[in-house]
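Chains, contacts and geometry: an overview
Below, each chain spelled out in residue letters.
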Amino acid sequence: MQSYSSPWPLSAGHGVLEILQKHYPNMKVVFEKTPNIFVFGIRKILKYALKSNLISKKGDVIFGWGGDLCLYSWLFGKLLRKKRLYFSQNLIIRSDGKHDGLKNRIRYLLYKKALHSKNFMTTVNAPQLVDFYAEMFSCNKNRFVVTYDNRATDLDEQNEKAENIGEPYVFAGGVAGRDVDTFVKVVKLLPQINFKCVFPKNMLISGMEELKNLEVFSDIPEKEFYRIMNGATICCIPLKSKAPCGLYTMQHAVLTGLPIVSTDTWSMRTIISDDNCGYLLPMGDAKAMAEKVSLLMDNEDLRNTVIANAKKNFSKFEPHNVGKQLCDVIDGFVKEQNFAH
């Protein structure tokens, strides 16, 4: 199952799909075919979560590609007393939802219930997240397995480097876990450097549009987002969450040849393994980020070296590597369940 509609199955990871189909020749793909990519709302999630249970048979593995679709499939399986195994790819949840509204609270409680059952497992994209989520949900660490997250491994129109026209600039953008306050502090510390950012209007803070070295964009089409990003010289996106966030954008940054300055989180370390590949600084440390941005902007040779090293490190995200990891862990999950019975 995939948690979005698209022109073809696993359009954001079709190389991984090929590996899975080769390993599991009887695999059925549950998705909604549309000309464009749209993330599922709750109605579509429930529709396809139910469908996956109805078209599968006893003992089958229901594999969810991203999002919460597999969680709701597990819920339907529980309600309908279906004997299935549920394997979800890339858990992303940032809190227990107590202070984030009813929707997030319900989501947290459902994950907690699922992770305490024997027939539900999920991947995480960094080793440290195993302990992080096991503590968050008070569950066994064996409910999580580490695999790398594949989202942006093919160069196409969307992530090809654009020719720099005009003054060099630093790019920031996105939604999940973005630390706009720290980003603005970086901009203020570097009045001699131009910045462009793309954030939703509800994330903007007072005074941003008054900064002479910052151009602000909001609520623009995805194609325009990547046009602005691809024309940048450096990608600087501070984060404010230990949970996975920013990886899709950062993977695009590596592919398009943009040196990264960001926040040191467990997931980000899978992309920027050390200072040879980019710079990850402590959360909220605007001064240190500004120093690295300035260093990169002033040194083209350093930028080229950093991005070359980041691309070498990127092989772990290639489709055949991610696909093989997924096949191995799914096989292990099935073996574990068969042994238990």
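Up top is the structure.
Here we summarise the structure given alongside this text. Nothing here was measured: the structure is a model prediction, and the numbers come from that model.

Bringing the layout of surface pockets into the picture now. Its volume calculated, the second largest pocket comes out at about 690 Å³. If you go around the second largest pocket, you meet 25 residues; those closest to its centre are Asn26, Met27, Lys28, Val61 and Ile62. In the lining of the second largest pocket, the residues fall into 16 nonpolar, five polar and four charged.

In terms of nonpolar packing, the biggest core is built from 58 residues, with Phe171, Phe183, Phe195, Val261 and Val293 touching the most fellow members. Of all the elements, helix H10 (residues 286-297) adds the most residues to this core, at seven residues. Apart from residues no more than four positions distant in its own chain, phenylalanine 183 is found in contact with Ala172, Phe195, Cys197, Phe199, Leu214, Cys236 and Pro238.

Moving on, we come to the packing of aromatic side chains. Enumeration over the complete set of coordinates arrives at 16 aromatic pairs. Taking the centre distance of 5.8 Å and the plane angle of 45° together, the rings of phenylalanine 87 and phenylalanine 333 count as tilted. Taken together, the residues phenylalanine 87 in strand S4 (residues 85-89) and phenylalanine 333 in helix H12 (residues 319-340) connect sequence positions 246 residues apart. Among the aromatic residues, those joined into a ring-pair cluster are Trp74, Tyr108, Tyr111, Phe120, Phe132, Tyr133, Phe137, Phe144 and Trp266. Seen from the ring of tyrosine 169, lysine 196 lies directly overhead, with NZ or CZ sitting 4.2 Å from the centre.

This next bit is on the sheet that holds strand S9 (residues 214-217). Spatially, S9-S8-S7-S10-S11-S12 is the arrangement adopted by the six strands of the open sheet, whose pairing is parallel. Strands with a single pairing partner mark the edges of an open sheet, and in this sheet they are S9 and strand S12 (279-281). With strand direction ignored, the average angle separating the axes of adjacent strands in the sheet is 20°. Sheet topology places strand S8 (residues 194-198) next to S9; four bridges connect them, and they run parallel. Directly across from lysine 196, in S9, lies its bridge partner glutamate 215.

In terms of burial, strand S5 (residues 120-124) is largely enclosed, as five of its five residues are buried. Of the two faces of S5, the one carrying Phe120, Thr122 and Val124 and the one carrying Met121 and Thr123 are both buried. Bridge count for S4 against S5 is three bridges, and the pairing is parallel. Paired with tyrosine 86 across the strands is phenylalanine 120, a residue of S5. Of the pairings in the sheet, the one linking S5 to strand S6 (residues 144-146) comprises three bridges and is parallel in character. Counted as the bridge partner of threonine 123 is valine 145 from S6.

The subject of this paragraph is the sheet that holds S5. Taking strand neighbours across the sheet as the criterion, the four strands line up as S3-S4-S5-S6 in an open arrangement whose pairing is parallel. Every interior strand has two partners, whereas the edge strands, strand S3 (61-65) and S6, have only one. Each strand axis lies, on average, 20° off the axis of its neighbour in the sheet, ignoring direction.

What counts as what
- Residues numbered from 1 in each chain as written.
- Predicted model: local features only at pLDDT ≥ 70, side-chain atom pairs only at ≥ 80, totals over all residues.
- Heavy atoms only, no water.
- 1 Å grid on protein atoms, 1.4 Å probe; cavity = no way out; pocket = protein on both sides within 12 Å on 5 of 7 lines; lining within 4 Å.
- Points joined across faces, edges and corners; volume = space filled by probe spheres on them.
- Nonpolar A, V, L, I, M, F, W, Y, C, P; charged D, E, K, R; others polar.
- Core = buried A, V, L, I, M, F, W, Y, C linked by side-chain atoms within 4.5 Å.
- Buried < 20%, exposed > 50% of the residue type's maximum accessible area, 1.4 Å probe, protein only.
- Helix = DSSP H or I, 4+ residues; strand = E, 2+ residues; numbered from the N terminus.
- Contact = heavy atoms within 4.5 Å.
- Phe/Tyr/Trp six-rings, centres within 6.5 Å; stacked < 30°, edge-to-face > 60°.
- Lys NZ or Arg CZ within 6 Å of the ring centre and 35° of its normal.
- Pairing = 2+ DSSP bridges.
- Axes fitted to C-alpha atoms, helices over the stretch in contact; angles between N-to-C directions.

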